[in-house]
Amino acid sequence: MLTTRMCPLWPLHLIILYLLALGPLWVLCESMPNIIASFDPKEIEINMGDNYFVHVNITGTGLKPNDEIIARVDKTHIADTEWNTSYRLTEEDANGGLFTGLLKVNANFIGRTKIAIEAKREKESYPANDTMSVIVVRPSRVIDKLFTTSVAVFVSLIFINFGCAMHWPTVKEVLIKPVGPIIGMCGQFLFMPLISFGLGYLIFPESPAMRLGMFCVGVSPAGGASNIWTFILGGNLNLSLAMTSICTIASFAFMPAWLFSLGQIVFANASIVVPYPRIATFVVGLIAPLAVGLAMQRLAPRAAAFMVRILKGFSTTLLLFVIVFAIVTNLYIFELFTWQIIVAGMGIPWLGYVAGYLVAVACRQNHPDALAISIETGIQNTGIAIFLLRYALPQPEADLTTVVPVSVAIMTPIPMTLIYIYQKLKSCTEACEEETSTKKSSKIAHQYQKEQTPASMEPLMSQNREEEGWSSSS
């Protein structure tokens, strides 16, 4: 019978083999830096365009002279860094296992990012075990307050003009037979919230914050620009003013209903606060100037007539001012624009225009009324949407999410501007054609009169002149 002799060191020979294999790795690990980074402060919040100095302390083992200490930023378009001190280890730093430096953080754009520390030796990098959070927010600027104040003043003046141009019997008729306002309210508080909810999931399937931005735009009431565009494009101004007033007051009930029902599905963690004071301010800012204009109709008819005469030019100037000033003051936000943001900005108002007009035509409303309903449905009060987002989200997410209502505000006037240009070109073409037709008709009439004049009249007139000359000479 065969017997197997086992190694006298068994199973110690296996342990010896493992130690021999792991020895070089252990020696290598002992030579690698093992560093711990600490930041003071550990989290910073900076205004965009500013900078901040952070104290960085590094302790660890395995450090060598000339090792580089590098600060890595997760998102360099939000912030970048530079050392305000030397970032190479000296002999003293390496022996003591301690490095202290001053890091300058530059805030480039709104958002959140992290800073990590690495030790670099030739081509190898050894990361530290901790990071620092950087939050970049938008600063409060004088130009923003100036823009808000100037727009409020101009809108108040233009609503005084609307009051001067308002025909109260027509408004009463609209209220007695409220077909237009009912269509407008259904579009404003049924179609727009649902379409913004659906588009949000279609365009931003992975971004709840952006979906909330779209939904806040969809549940907002119509803005004052709807009345201006209705007047400029030849819609029913009285119907537009009545719908804006009714929808704004109705938003006190409809906005909370949508925000606390479907809105919680969009973003369940948002602490939504309905801006009742802001809506109430908008209602007062809408009704008070209209009342002043109506009073001017009775007490100062000449001044009211003058205000009506300048209304169209003043409205056009105001719209151009708002568009240009808004773009200039918010140039920074265009860096956030993507194709999804642009599609979202076009989708909400443009679909509102189309749906409002088609429903109005289906309900047998005439063109001026259908145009007013279409504009009232498509235009949203993006200011209220931005206000909602500021309360629902922390910074900088609130500012980042407002890119949706800003995109909506930019894309809203494009179809109406094109319609306005078309109307102007059409009127100019018609005027030129009418002038050409008039000249042609005048020329034909002159030619016809010349052809109808008898040929014998000219010799006869010559003969009469000769006889008059003979009589006078005799």
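Since the structure is predicted, the reported quantities are computational estimates derived from the model, not experimental observations.

On to the sheet that holds strand 1 (residues 34-40). What links the strands of a sheet is backbone hydrogen bonding, and the strands pair in either a parallel or an antiparallel sense. An order of 1-3-6-5 is seen for the four strands of this open sheet, with the pairing classed as antiparallel. Edge strands, defined here as strands with exactly one partner in the open sheet, are strand 1 and strand 5 (79-83). Pairwise comparison of adjacent strand axes, ignoring direction, gives a mean angle of 30° for this sheet. Pairing between strand 5 and strand 6 (residues 98-107): five bridges, direction antiparallel. Across the sheet, alanine 79 pairs through a bridge with alanine 107, a residue of strand 6.

Turning our attention to the confidence of the model for the protein chain. On average, residues of the protein chain score 77 in pLDDT, and 79% of them reach the 70 mark or higher. Across the protein chain, the element-wise mean pLDDT spans from 46 in helix 19 (residues 457-473) up to 92 in helix 13 (residues 339-362). Low pLDDT, under 50, characterises residues 25-30; the stretch is placed with zero contacts to residues that sit more than four places away or in other chains. Residue range residues 456-474 is modelled with pLDDT below 50. Its contacts to residues more than four positions away, or to other chains, number zero contacts.

Our next topic: the packing of aromatic side chains. The description of two aromatic rings rests on the distance between their centres and on the angle between their planes. Counting across every chain of the model gives four aromatic pairs. Taking the centre distance of 5.1 Å and the plane angle of 55° together, the rings of phenylalanine 197 and tyrosine 201 count as tilted. Within this pair, phenylalanine 197 and its partner tyrosine 201 are both found in helix 5 (residues 179-203), separated by four residues, close to a single helical turn. We classify tyrosine 201 as partly exposed; its relative accessible area is 33%. With a centroid separation of 6.3 Å and an interplanar angle of 75°, the aromatic rings of phenylalanine 197 and phenylalanine 215 are classed as edge-to-face. Placement of the pair is phenylalanine 197 in helix 5 and phenylalanine 215 in helix 6 (residues 208-219), with a sequence separation of 18 residues. Since its relative accessible area comes to 0%, phenylalanine 215 is described here as buried. Members of the aromatic cluster, joined through ring pairs, are Phe197, Tyr201 and Phe215. Sitting over the face of the ring of tyrosine 201, arginine 211 holds its NZ or CZ atom 4.2 Å from the ring centroid.

Rules of the game
- Counting of residues starts from 1 at the beginning of each chain's written sequence and follows it residue by residue.
- Side-chain atom pairs in this predicted model are given and counted only at pLDDT of 80 or more, local residue features only at pLDDT of at least 70, and totals for whole chains, interfaces and linings cover all residues.
- Think of the side-chain values as coming from all heavy atoms in the structure, minus any hydrogens and water.
- Between any two strands, pairing holds if DSSP finds at least two bridges.
- Helix numbers and strand numbers start at the N terminus; a helix is a DSSP run of H or I with at least 4 residues, a strand a run of E with at least 2.
- Here an axis means a line fitted to C-alpha atoms, over the contact stretch when the element is a helix, while the angle between two N-to-C directions is reported on a 0 to 180 degree scale.
- A score from 0 to 100, pLDDT tells how confident the predictor is in each residue.
- Here a residue-residue contact requires only that any non-hydrogen atoms of the pair lie within 4.5 Å.
- Classification of ring pairs rests on two measures: the distance between centres of Phe, Tyr or Trp rings, Trp counted by its six-membered ring, which must be within 6.5 Å, and the angle between planes, read as stacked under 30 degrees, edge-to-face over 60 and tilted in between.
- In this scheme, a residue with accessible area under 20% of its type's maximum is buried, one over 50% is exposed, and one in between is partly exposed, where area comes from a 1.4 Å probe on protein chains only.
- Note on geometry: a ring has a charge over it if NZ (lysine) or CZ (arginine) is within 6 Å of the ring centre and within 35 degrees of the ring normal.

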